[in-house]
Every structure is written in structure tokens, then in C-alpha cells.
Amino acid sequence: MPEAAAERSWRIDTDPDAAACADLLAAAFAREPAVSWICGGSARARTHWFRATLRTHAGIDGARRTALVGADGRLLAAAVLTPPDATPAAGARAVWAARTGLHCGPRALGRTLRYLNATDGGAPPEAWTLEFVGVRPDLTGRGAGRLLLNHVLTTTPAPHGLYLTTADPANVPLYRHFGFATLHETPLGPLTVTSMSRAGK
């Protein structure tokens, strides 16, 4: 199928499978600085980390997963969002910690908690948080991420805006293009975590 025709067959799925999203994001984030710092170079640890994280996230009231899907039903890109002031219940956090420690190791668990502590409380009041957005590696540069992000930004009910953090400096100009502005930068080990927000409409 010609490339343009394939892209015309892409569709949005507003309730994709959490495990499928996790596996796509694990591949998409293979070289992302924060995930590499947390999981090291292990694809297995990275996959388990995303599976545990998205499984826990799915239990949050109002949490959203959105995916771009190809004609063959495979996920091409995925985005994960958390509503304002929403967090997993204590029991769900405990299960997440046990799974992460067991399958990814204590270092991954400790570094995840350090990242969360460093960025906690940074979101503007009542803002949604864009936790992850990633594209299948073989589709990088073909507009899949842009299409999905445009959809997310126009359909998320976020009158008070959206918030995100990124440890990849290459992402900062991309998010600025979509209307995000830098709030602050936080040093964390070898990382510089940039917190960004986008005003609501």
C-alpha cells in the first residue's frame, strides 16, 4: 500500500488496550533519557515498567488513553493523560511498587520515586497531565505523533490547560510548537527535567 494511502487509513481509538499501549511506549521510549535512567538499557525492564505503570494508571477515575491505529489494527502511536488532581489509590500504588520492584529491580523503583518526588506539585491548578506520548519507532517522522497530539489537545476537556514533564531536550521545541511554555527546569541526577504547560481554551 502506498505511504499516503496507508496514512489515510489511520484512525483514532479512544479506549485502546493498556498493555498494547505499554508495549508501544516501551519501544518508543527506548532512548528517552528519563526512562533509560530508570530502567537502564534493558528492554525487558522497560516493558515491565510501562506495563505496571499503565495498569495502575488505568484504575484512576477519568484517566485517558488514546491511540492512533493502522488499517491492520496495530497501534501506531499512543498518549496517556491524567485528569486534574487525580492519583492512584494507596493500594494500587503499593501493587505498582511491588510489580516494579520485582520485574524491574529496586534501582528502577527508587529512581521512579525520585522522578515523581522531583516533579510532584508542579502542575498548574486544575490542569490535565500529559504523562506519555510516543510513536512506533519505524513511523518516526511520518506525522503519526503530530496527528495524535493534535487530537489529544483538541479533545481533552482541559479549560485550565495541560501540563507535562520531559527529560529529553529535543522534545522541548516540539512541545513549544504545540503551544506549551516552559515553567521551570529541575536537575535530577544526570537529567534536566523540563516542566511545561499549555493554557486552556
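Residues numbered from 1 in each chain as written. Predicted model: local features only at pLDDT ≥ 70, side-chain atom pairs only at ≥ 80, totals over all residues. Heavy atoms only, no water.

Peer 1: Give a description of the pairing of strand β4 (residues 128-135) that names residues and reports values.
Peer 2: Here is the key point about a regular strand: its side chains alternate between the two faces of the sheet. By the criterion of burial, β4 is predominantly enclosed, with seven of the eight residues buried. Of the strand pairs in this sheet, strand β3 (residues 75-82) and β4 are connected by six bridges, and their pairing is antiparallel. The residue bridging A78 from the neighbouring strand is G134, located in β4. Of the pairings in the sheet, the one linking β4 to strand β5 (residues 162-166) comprises two bridges and is parallel in character. Note on β5: the bridge partner recorded for W128 is L162. Between the parallel pair β4 and β5, the chain is carried across by helix α7 (residues 144-155), and the sense of this crossover is right-handed. (Buried < 20%, exposed > 50% of the residue type's maximum accessible area, 1.4 Å probe, protein only. Helix = DSSP H or I, 4+ residues; strand = E, 2+ residues; numbered from the N terminus. Pairing = 2+ DSSP bridges. Right-handed = clockwise from strand over helix to strand, strands pointing away.)

Peer 1: Explain helix α6 (residues 106-119) residue by residue, including any values.
Peer 2: Spanning 14 residues, α6 covers 20 Å between terminal C-alpha atoms, matching the ideal 20 Å at 1.5 Å per step. Every buried residue of α6 is accounted for by A108, L109, T112, Y115 and T119. Down the axis, α6 shows its buried residues gathered within 125° of arc, on one side only. Facing away from the buried surface of α6 by more than 90 degrees, the exposed residues are P106 and N117. Turning to α6, the residues buried within the fold contact α3 (33-39), α4 (43-57), α5 (90-104), β5, β6 (181-188) and β7 (191-198). The positive-phi residue at the C-terminal boundary of α6 is G121, with phi of around 80°. (Expected span 1.5 Å × (residues − 1). Arc of directions from axis to C-beta. Contact = heavy atoms within 4.5 Å.)

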